[in-house]
Amino acid sequence: MKNLQLQVGLFLYFMMLSVLGNGQVTSTRKVQGKVVDQITSEPLPGTSVQLLGLNQGTITDADGYFLFNNIVTGQIKIQVRYMGYKTKTVDFDLFQNSSEIVIELEEDVLGLEEVVISGQGIDVEKRRLSTNVSSMSSEEIERVPSQRIDQLLQSAVPNLQIKMTGGQPGSTSLARARGIVSAFVNSTPIVYVDGVRIDNLNTAPELGLVTSGSRHQGAATSALADIPVENIEKIEFINGGAATTLYGSDAANGVIQIFTKKGGEGKAKVTFETQWGVEKANTDFYYFDRTDELFFESGLMQKHRMGINGGSENFGYSLSGSIFHTDGTRIHKQNENTRYDLRSSFRAELGKKATYHSSFGYTSNQFNRVRNGNAGGYTGLWFTEGGASLFTGPGFNNKIDELSQEEFDVMKAYVDKAEALQNFQTNVNRFQTSQSIILKPVKNLTIKALAGVDYRVQKETGITTNEYLNHTRAAKPGSETTTEGSISNYDRKFLGLTLELTGQYNLQVGDFSFLSTGGGQLFRNEDHQSAYIGTNLRDGAQTISGAANLTSDEYYSEVANYGLYFQESIGFKDRYFFEFGLRGDRNSAFGDNIGTQFFPKVGASYVLSDEAFFEGLKEAVSYVKVRANYGVAGNFPTPFAHQRTIAFAGFRNEQAATFGQAGNADLKPERVKTFEVGADLAFVRDRISLGVNYYQSNTVDALFVVPAAPSTGQNEQLRNIGKIENKGWEISTRIAVLQNKDWKVNVRAAVNTLKNKVTDAGGAAPFNINGFSPRTIQTVVEEGQPVGYLRGNKGTFSSEGVMTGTEAQANLGTTLPDLFGNLGVDIQFKRLSVFANADYQAGAYAHSFDRQFRFNYQVSNEGIPQAEIDANGRKNWLNFTDRFVEKTDFLKVRIIGANYTFPKTVLGNYFEQVNLGVSVTNPFNFTSSSFDPEVSQSGGSQGQNGASTGGIAYGVVSSPRQFIATLKVSF
Amino acid sequence: MKKYIYSIALAASLSGCSFLNPTEVTNPNVTDEVFVDNPNAAASWLNGMRRQLALTLNQTVVLGELTSDNYYNNRTQSSKVFDIPQIISTDVDVNTLQATVQKLREMGYFGIETVAPKDAATTDDMLAEMYFLRGIASMFCGEYFVGLPGSALSEIMHPEQHLHLAIADFEKAMSLSDDVSQKTACLLAMARSYYHMGDKTNAVKYAEDVLVADPMYIKEIGYDGVNGVSNSMQFFLFDSSNDEFAPLPRLDFLDPKYYSIGNPDQDQKPVALLKAEEAYFILAEAALADNQLEKAKTQLKNLLQEVIAQRPTASIDDSKETRSGGNRTDYPLTDDYWLKTNPDAPARTGFILDRQKGNVTIPVVSGTSVTAVEIDAATTVDELLETLYLMRQEVFLAEGRRVIDLGIKYPVSDIEYRNNSNVQAEHIRAQIPDFIPGNRELDDFTNDVENKQITLTIDMNKVLVENKTNPAVVPFF
């Protein structure tokens, strides 16, 4: 029966090819066949099929079919590779066998045979590596209805923790894998799209809007929010350390690589996808029930996407575009978000020895914001949750839930107008391209030349009208202002350029295999920001041209980094592997005394289970690989921070000079030296996999912004004086609980531990990376403490509950969890699949400024003893900040979803495939804290791209819940 | 194959200079060598020093007023603990204060020793102003701190040594300058420096010289809101859309000294650095120290009639001021309030303004509640000394001087301590005289709403006189 189906399928397929003009099916020397899953017999489209020794290859079409024409040899070897499956090599005798073949692939639960690129120059089998590479397939990516790369990766990569600092569109995230290696550079990994380094700024820029750009004002806008997520084939993530050594001075936080689809082979496959959903604010953590009613409403969300994928043996193309719109959850559509994504990629063979790959991506992202965090004046959540309604505007009873309906209606009308009159818009246009040529001039040698650009333009506009000011200040008739209206514009233009030339040579000598990689890479980033602000404007103005007063500012930064690298991977008997490599970098941000910086790596791995003596154990223990490595990666300093400069400003219509930077000719990258040992294990015929790693990374020459001794009159200066230690275990497992033709049930879990400590501050005084004045709350870097621990006043109380003293600037807890990880389950029953992802953390603390304000403004006692309030009222509110710090253990379910693939019998001939999916994002939170443990001020007090560990919740909304249905049709 | 590579290389080279010189970067900064070697550097640097003085005054005024009994921080911006007063060396405000004062001084050294000699366009008047501004920095070092390094990372110098440095700079400035106003400023600054050293003879000498030169003299420091150098005190008193700082109720009638009409950026009021009132106070205090009650009365009455009465006032719409910052909500708001300056004092009216009745008239340079009749009524040195210190408090309101009169001195910052081995443990402790109450009592009062009566918890002028022999306060006693 199966054969009959296959034959009918093949017949139809080749008929179709004939119709399309591609089918030279009459050749007698051809190889054709189909690649399917060993268990489910489902076809595997996009599988790489190579005829070994003939230097010919193709990929399977949408039905899993492949075809080679004009094969002259009788005996051939066909090698089939598909992501997530074990590579299979099949001997094929063209004269004896039928010219049609079905190749069944076994799922590669451990991903050992996966070919990865990140950190390896061109590509290499995971099996050879002494380091870990995590990857996410297009199937995993496409089922998560997120528009953001960081949200896609949230809870999907075993040791990468990603937390969204806020729920407004475009908010920054806190992404970190192996702790916090830097007290200066943000922990966000660098991001490459098709080999091109792109803007990954995940903090406020130097110049920005009050609702997004200022460091203490809540959610800043992240460049990760508009990385095109269309048409992704695969995402790889590698940890900072030996894995990222080849990226040199710029990779201590790890690397995320995004690879786009370059088209399949065969007829054009058209996919149309439509998503409809509802977004609801997550109000789980609000103190007042009525906060929800004041600010939020359900918003309609929709996304429509269309893609075309296809090609021929020599050419592949993939086009995709989408439109996304959500009303957002804020009243008056103040969090409305519209986004357009376009991606085109193609590959073309240039003769027999070269292939050209090209991808273009364009994203347009527009959204609205409202005042949040510490924006001051009327700021929504501070007004309600912080108790500031007591004195804001006309002043209200700030115990909002106790208001009578009439009183509440008055407040609601005030809030409604205050929200409606806000006008903060962000508009991002982003264009990316990657162009590469892969050349195979001689056998076993591959050369890749790549050039690419990322150009991102962000425009933020905030319009503050006199009407808004008069309303929120409750100005009395006759004393309304007409002169304080303002428009603030902030532009940020980022241009990134990447050039890379890499060669890889593969040599087999007896039992030895050599994989030699060498190359050079250059990237340069230009970051140009400008602010142009008009004040004293009439209401109704949309540009600053009519303003009575105009001010402007500019920020410019440019950096060029260029280096050469070499790596050798030596294999023996395909089970002993040894690798070493070196990158040398120069960088325009280094001080004048600093020349080339070298980053070495060395590693070894051993596939124990491939030894003959292991055969008897294979039923129980199917795979054992042990590995160890050591590598150095870096973070380069801020461009031009090494120079001694004079700064200028205008003052009373004349030029005014002053000290600029103190200068540091010895400024160099911080270096993270990571040692790692680990093992990859599989049991019960790969049904249980277990990965165990232990790492210790020591950052030396850590970059600290050191405040100058005030007697020098100089400003703070960046210096390489610190040492930071991170160490921990990374354990991940995947268990195939059930695996048969109808059922597939997989569960996965990752557990990571982390110990982080600043082991040496080089004599620098403690400094703040996210927070306010030392008398309130800060997250601080200090010798002997974890990076970004909470520091504030700690109160002591008598037995009666009256405050007896306060310890200034006490340690109130770490913001870094000592335990974190994620959990996932995938259940597939025939055509129905159900999945869920969650992540968790334990051991970290955060501060709620909302609670502290509620205490101060007498909304509630917040657990402070009545005796203290009776004795001192609220005046000690800042003397026991520790009472507003809570443990932030949490388990958050990020997504629960289900997909159903309709059988072809239902679809007839019109549709290739029809999928129906439903999902809920952020459905459940289980937290130890009374506030959302994830939201935080964005941080980056040390400047753009500065380190942050979160930990300060202050008037920031949580990520919304989304209820989404998706229909995907291919034809 | 080659033609593809050539084509790509050609396209790349035509597409922008980034491709042609990919390792070249544009430096947006001006290095100090480039600056000093270019013409007219001294003028640019001198204006930078003026700007720095405006920034320095922002810190001394705002932080000084909060630390003293003059103003209470009724909201969340600026220091939340100097009101207590709690002053510790690790506090960022302590570091900011030291840094801003010493930056002005270091800019003075760089200007005088490096910039001016290389710039042919430097005039004596420009050099004189650099010396004067450096002298002001040293004067602040002596007035506000328990001790500070005399130069970058050097040994800690006693306040008196800083004042001597200041005087040397003022003398040098006088010798270089032809400008009468600049010379008078130097005279007044020297009188003030000697006053704080307790050197009655010299203080009196220079104070008399000032009154000869210009009995209405005032040296004001201007601001520039458009270029980001706003008068911080003006923001906290008037421009902020919230009610930030609240004055001690007895000073309510003098608030706000700084205000704006229209766009605040365009209307930033100056802060008085030196004014002739100082000379009258010095002469009066010296007379009291010599037990010459009548002479002191004459000085103070002259001050009232010849100076304060002549200083400008402004009619201000301050109706948005409702003292509703949030930390205290019991500030009096109507002019029918009675006020006791301490629990044992008689209740008097006239201190509280009703800002909702219409514009209020505020002295924008100097104002006082003291009358000639009250001065004449004093029968003892102590009575008049108390009146003198009340007048100092009122006249110098929102100028950052009261904290010095209270004998409070800020410590060396923790960051200096960690970087400078010359700093000893004794230098990182603030000087807060024993008679200064804690627990925010300096700003405290009770409000008897029913009887419309405010009672201040403590009258610090009375306390100062009671402690006049304490070396930290009342220099001539």
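Please read all numbers here as calculations on a predicted model, not as lab measurements.

Peer 1: Can you break down the pairing of strand 26 (residues 549-572) of chain A residue by residue, with the values?
Peer 2: Put simply, side chains in a regular strand alternate between the two faces of the sheet. Residues and elements named next belong to chain A. Examined bridge by bridge, strand 25 (residues 512-535) and strand 26 share 24 bridges and lie antiparallel to one another. Each bridged residue has a counterpart across the sheet, and for Thr517 the counterpart in strand 26 is Gln567. Across twelve bridges, the pairing between strand 26 and strand 27 (residues 576-587) is antiparallel. If you follow Phe566 over to strand 27, its bridge partner there is Leu582. Turn length for the strand 26-strand 27 hairpin, with the two strands adjacent in sequence and antiparallel, is three residues, and the turn residue Lys573 shows positive phi of about 55°.

Peer 1: I'd like a description of the domain arrangement of chain A, backed by residues and values.
Peer 2: Residues and elements named next belong to chain A. Split by domain assignment, chain A resolves into domain 1 (2-105) and domain 2 (115-754 + 816-844 + 888-970). The straight-line distance from the C-alpha centre of domain 1 to that of domain 2 is 39 Å. Elements with a minimum of two residues in the side of domain 1 that touches domain 2: helix 1 (2-20) and strand 3 (56-59). Of the residues in the side of domain 1 that touches domain 2, the class split is seven nonpolar, five polar and two charged.

Peer 1: Give me the lowdown on helix 8 (residues 849-856) of chain A, citing residues and values where you can.
Peer 2: All names here are of chain A. Helix 8 sits mainly inside the fold: eight of its eight residues count as buried. Restricting attention to buried positions, one finds in helix 8 the residues Phe849, Asp850, Arg851, Gln852, Phe853, Arg854, Phe855 and Asn856. Within two residues after helix 8, Gln858 carries a phi angle of roughly 60°, on the positive side.

Peer 1: Outline the UniProt feature "domain: TonB-dependent receptor-like beta-barrel" (unreviewed entry) in chain A, supporting the account with residue identities and numerical values.
Peer 2: UniProt feature "domain: TonB-dependent receptor-like beta-barrel" (unreviewed entry): in the numbering of this structure it lies at residues 452-820 of chain A. Measuring from the first to the last C-alpha atom of residues 452-820 of chain A gives 36 Å, for a span that is 2% helix and 65% strand.

Peer 1: Please give an account of the interface of chain A and chain B that cites residues and values.
Peer 2: The interface of chain A with chain B comprises 64 residues on the first partner and 64 residues on the second. Among the secondary structure elements, those contributing two or more residues to the side of chain A that touches chain B are strand 22 (423-439), strand 24 (486-509), strand 25, strand 26, strand 30 (645-651), strand 31 (654-659) and strand 40 (803-813) of chain A. It is strand 26 of chain A that contributes the most residues to the side of chain A that touches chain B, seven residues altogether. Tallied by class, the residues present in the side of chain A that touches chain B amount to 30 nonpolar, 23 polar and eleven charged. In this sheet, strand 1 (residues 30-31) of chain B lies alongside strand 30 of chain A in antiparallel orientation, the contact comprising two bridges. Bridging from a neighbouring strand, Thr645 of chain A pairs with Thr31 of chain B of strand 1 of chain B.

Peer 1: Give a detailed account of the sheet that holds strand 12 (residues 453-456) of chain B, specifying residues and quantitative values.
Peer 2: Residue and element names in this part refer to chain B. One open sheet accounts for three strands, arranged 9-12-11; its pairing is mixed. Only two strands of the sheet have a single neighbouring strand rather than two, namely strand 9 (338-340) and strand 11 (445-448). Pairwise comparison of adjacent strand axes, ignoring direction, gives a mean angle of 15° for this sheet.

Rules behind the numbers
Residues numbered from 1 in each chain as written. Chains lettered and ligands numbered in written order. Predicted model: local features only at pLDDT ≥ 70, side-chain atom pairs only at ≥ 80, totals over all residues. Pairing = 2+ DSSP bridges. Helix = DSSP H or I, 4+ residues; strand = E, 2+ residues; numbered from the N terminus. Domains from an automatic or database assignment. Nonpolar A, V, L, I, M, F, W, Y, C, P; charged D, E, K, R; others polar. Buried ≥ 20, exposed ≤ 12 C-beta atoms within 10 Å, placed from the backbone. UniProt positions renumbered as here; feature names shortened; annotations may be inferred. Contact = placed C-beta atoms within 7 Å. Axes fitted to C-alpha atoms, helices over the stretch in contact; angles between N-to-C directions.

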